[in-house]
Amino acid sequence: MLPLYFAPLQGFTEDSYRRIHHELVGGVTAYYTPFLRLEHKGIRTKDARDVRPEFNAGVPIVPQVIAKDGEEFTFLVNYLTELGYREIDVNMGCPFPLQTRHGRGAGILQHPECVTQIAEIIRQREDLTFSIKMRLGLTDESEGISLLPILNDTPLKHITLHPRLGSQQYNGTADLDAFARFAEKTTHRLIYNGDLKTPADVHAIATRFPNLAGIMMGRGLLARPSLAQEVIEGTEWHRTKRIALLKKMHDHYHAHLATIIPGEAQLLTKVRTFWEYMEEECGRKAWKKIMKAGSLRNYLNAINELT
Ligand SMILES: Cc1cc2nc3c(=O)[nH]c(=O)nc-3n(C[C@H](O)[C@H](O)[C@H](O)COP(=O)(O)O)c2cc1C
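Residues numbered from 1 in each chain as written. Predicted model: local features only at pLDDT ≥ 70, side-chain atom pairs only at ≥ 80, totals over all residues.

**Points about the site of the ligand**
Around the ligand, a shell composed of 21 residues is seen, among which A7, P8, P34, G218 and R219 lie nearest. Elements with a contribution of two residues or more to the shell around the ligand: β2 (30–36) and α10 (219–223). (Near = placed C-beta within 6 Å. Helix = DSSP H or I, 4+ residues; strand = E, 2+ residues; numbered from the N terminus.)

**Points about the sheet that holds strand β7 (residues 190–193)**
Read once around its circumference, the closed barrel built from 8 strands follows the order β1-β2-β3-β4-β5-β6-β7-β8, with strand pairing classed as parallel. Across the sheet, the mean angle from the axis of one strand to that of its neighbour is 30 degrees, orientation sign disregarded. Here 3 bridges tie strand β1 (residues 4–6) to strand β8 (residues 214–217), and the two strands are oriented parallel to one another. Bridge assignment links F6 to a residue of β8, and that residue is M217. Contacts between helix α8 (residues 176–185) and the sheet are confined to β5 (129–137), β6 (159–165) and β7, with β6 contributing the most and set at about 140 degrees to the helix. (Pairing = 2+ DSSP bridges. Axes fitted to C-alpha atoms, helices over the stretch in contact; angles between N-to-C directions. Contact = placed C-beta atoms within 7 Å.)

**Some details on the nonpolar core**
Membership of the largest hydrophobic core comes to 58 residues, with the highest contact counts inside it found for Y5, F6, V65, L76, I118, I215 and M217. With 5 residues, the single largest contributor to this core is helix α5 (residues 112–124). In this view, F6 contacts T13, V28, Y31, Y32, M217 and L221; residues no more than four positions away in its chain are not counted. Counting 10 residues, the second largest nonpolar core, distinct from the first, contains Y253, V271, W275 and I303. (Core = buried A, V, L, I, M, F, W, Y, C linked by C-beta atoms within 7 Å. Buried ≥ 20, exposed ≤ 12 C-beta atoms within 10 Å, placed from the backbone.)

**Considering the pairing of β8**
Where β7 meets β8, 3 bridges bridge the pair, whose relative direction is parallel. Across the sheet, residue Y192 finds its bridge partner in β8, namely I215.

**Observations concerning the domain arrangement of the protein chain**
We note that the domain assignment places domain 1 (4–233) and domain 2 (239–305) within the protein chain. In this assembly, 14 residues from domain 1 lie in contact with 12 residues from domain 2. Counting residues per element, the ones that place at least two in the side of domain 1 that touches domain 2 are α1 (15–24) and α10. Grouping the amino acids of the side of domain 1 that touches domain 2 by side-chain chemistry returns 8 nonpolar, 4 polar and 2 charged. (Domains from an automatic or database assignment. Nonpolar A, V, L, I, M, F, W, Y, C, P; charged D, E, K, R; others polar.)

**A few points about the packing of helix α3 (residues 70–82) against α5**
Close contact between α3 and α5 brings their axes to 8 Å; oriented N to C, the two are set at 35 degrees. Helix-helix and strand crossings are classified by hand; for α3 and α5 the assignment is right-handed. Of the residues in α5, those touching α3 at G70, F73, T74 and V77 are Q117, I118, E120 and I121. Residue composition of the contact of α3 with α5, by class: 4 nonpolar, 3 polar and 1 charged. (Left-handed = near helix turned anticlockwise from the far one by under 90°.)

Right, here's the structure in full:
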């Protein structure tokens, strides 16, 4: 069976969400964490918390870092290895201008000299396993392809490719032909990532690209947390079963957040993110009621009514 991975989604797949998903439904081989970055010469407390081993006990995770050069990369790698991690994913795909204009994420794809610095460190750290998650380029597909002489010469467990340009952000569709062109030119094992919402979507990708090392899903898994499990079971879950899972996961998520977020308004803002990508799964009317509820009480009632 092809390994299925949960993509990193900053603001959504933090430690508590990952644990609840793993315990209540699972189906994924590993959860990639949202990226860890250097800010004011340190790691933000919130990001540091997310990778603390005690908050991730029993949950298979791969921490991810985002860096603009070898210096930032070394700091982040040392930070994670001191926590005991031996496998690290490198973000070369984040499309947000806040990162790309500093040469991080998809921004680094235009700077082969910085990719070379990172590749050199990867080659030296024979004690660690690295993978890269990237886009086709920042503004042009040729950018990713032209990095392949460097990347092909670097020991990597795999490359995860989301076949969009950084400049596209999330517009348009994933470019499967561009994925195929990249696959032809890399010597690395490839993981496909992008726009998979249903078990049929996953099967279609696995059929078109029979040599994949795995499939990674992000928004599709947030919207339908049983997606990976359904693929493994080889049969789609009935809607009733899927909605029951959503309610159960939400109960756990709400109970957990209530212990760490004091005010009702703040709690509501955070816990509501659970439903952000679920408009299609819940149906527009029921979803709007959940998303627009002005108090925790109305919000919980709206969830109760969901069928
Ligand atoms: C809100 C949000 C946050 C994201 N955060 C990260 C991140 O921290 N690291 C990363 O590599 N990708 C991040 N991504 C990109 C996803 O991991 C994934 O590559 C992208 O959403 C395409 O896959 P999907 O269509 O299955 O969601 C993020 C995407 C979204 C929408």
